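The chain contents come next:
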Amino acid sequence: MTIPGETANLICVIDDDADIRGSLDSLLRATGFAVRTFATPDEFLACAEADHATCLLLDIRLQGADGLDFQKLLSDNLVPVPVILITGHGDIPQTVRGMKAGAVNFLSKPIDEDALLTSIREAISKDRDRRLAERKGETVRACYELLTPREREVMSLVTAGLLNKQVAGQLGLSEVTVKIHRGNMMRKMQAQSLADLVRMAEELGVRDTSAARYRALTQ
């Protein structure tokens, strides 16, 4: 389940019960995961290594802290680590609150080993998909940075649905020149089709939707 080029998936545990931390540490290491355990949210936040966690096991009742509040804090600060909530005193309102906030699962103590490992694998898969999407987005942005200002203008208008002759009219260029810019732009963006290019423009936020009015007027 490890992403190529990365070390073993790091699972972090926040629980104020030392026995629980110890048992989870032993189980997860035996299963092949890297593990870091913490007694408090503050310890987790102070650990630089925790920034690379692919899953966080979080007790909702901690000494001097509320796990659900900490889950919300992570979400509000755009910390993307998938969270599995664990508790010995859960109830339906807490479960609903945690799941609505994006928890992968809500497990009751004593924790069923199979359910835990299944949930962790789900969390890792979710984290892997996010990381791959981020990398793909970074690649798209890097390709966009290679475009000339004119090629960016062409991309904006083409992805809005304008034909080459309409783009030419908008930019004051010949249709042949637009075709050249469009070809160069498609190559640099590594776009296989117009639909592919439109998706990239949406991701980058550079699609000129206002140009649709021009398209309608000139058709």
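All values derive from a computational prediction rather than experimental measurement.

**Observations concerning the packing of aromatic side chains**
In step 1: Under the criterion given, the structure shown has two aromatic pairs.
In step 2: For the ring pair Phe-38 and Phe-44, a centre distance of 5.7 Å and an interplane angle of 90° mean the geometry is edge-to-face.
In step 3: With a centroid separation of 6.0 Å and an interplanar angle of 90°, the aromatic rings of Phe-44 and Phe-70 are classed as edge-to-face. Note that Phe-44 is positioned in helix H2 (residues 41–46) and Phe-70 in helix H3 (residues 67–76), a separation of 26 residues in sequence.
In step 4: According to the relative accessible area criterion, Phe-44 is buried, its value standing at 4%.

**Considerations on unusual backbone geometry**
In step 1: Put simply, Lys-109 and Pro-110 share a cis peptide bond, and its omega is -5°.
In step 2: Tracing the sequence through the fold places Pro-110 in the loop between strand S7 (105–108) and helix H5 (113–145).
In step 3: Its identity is not glycine, yet Leu-78 carries a phi of approximately 60°, on the positive side.
In step 4: Within the element layout of this structure, Leu-78 appears in the loop between H3 and strand S6 (83–87).
In step 5: Residue classification places Leu-78 among the exposed residues on the basis of a relative accessible area of 73%.

**Considerations on the layout of surface pockets**
In step 1: Counted as a void, the largest pocket has a volume near 220 Å³.
In step 2: Lining the largest pocket are Phe-44, Leu-45, Cys-47, Ala-50, Asp-51, Ala-53, Leu-74, Val-79, Pro-80, Val-81, Arg-130 and Arg-131.
In step 3: Of all the secondary structure elements, the ones that give two or more residues to the lining of the largest pocket are H2 and H5.
In step 4: Its residues placed into classes, the lining of the largest pocket shows nine nonpolar, no polar and three charged.

Conventions adopted
- Residues numbered from 1 in each chain as written.
- Predicted model: local features only at pLDDT ≥ 70, side-chain atom pairs only at ≥ 80, totals over all residues.
- Heavy atoms only, no water.
- Phe/Tyr/Trp six-rings, centres within 6.5 Å; stacked < 30°, edge-to-face > 60°.
- Helix = DSSP H or I, 4+ residues; strand = E, 2+ residues; numbered from the N terminus.
- Buried < 20%, exposed > 50% of the residue type's maximum accessible area, 1.4 Å probe, protein only.
- 1 Å grid on protein atoms, 1.4 Å probe; cavity = no way out; pocket = protein on both sides within 12 Å on 5 of 7 lines; lining within 4 Å.
- Points joined across faces, edges and corners; volume = space filled by probe spheres on them.
- Nonpolar A, V, L, I, M, F, W, Y, C, P; charged D, E, K, R; others polar.

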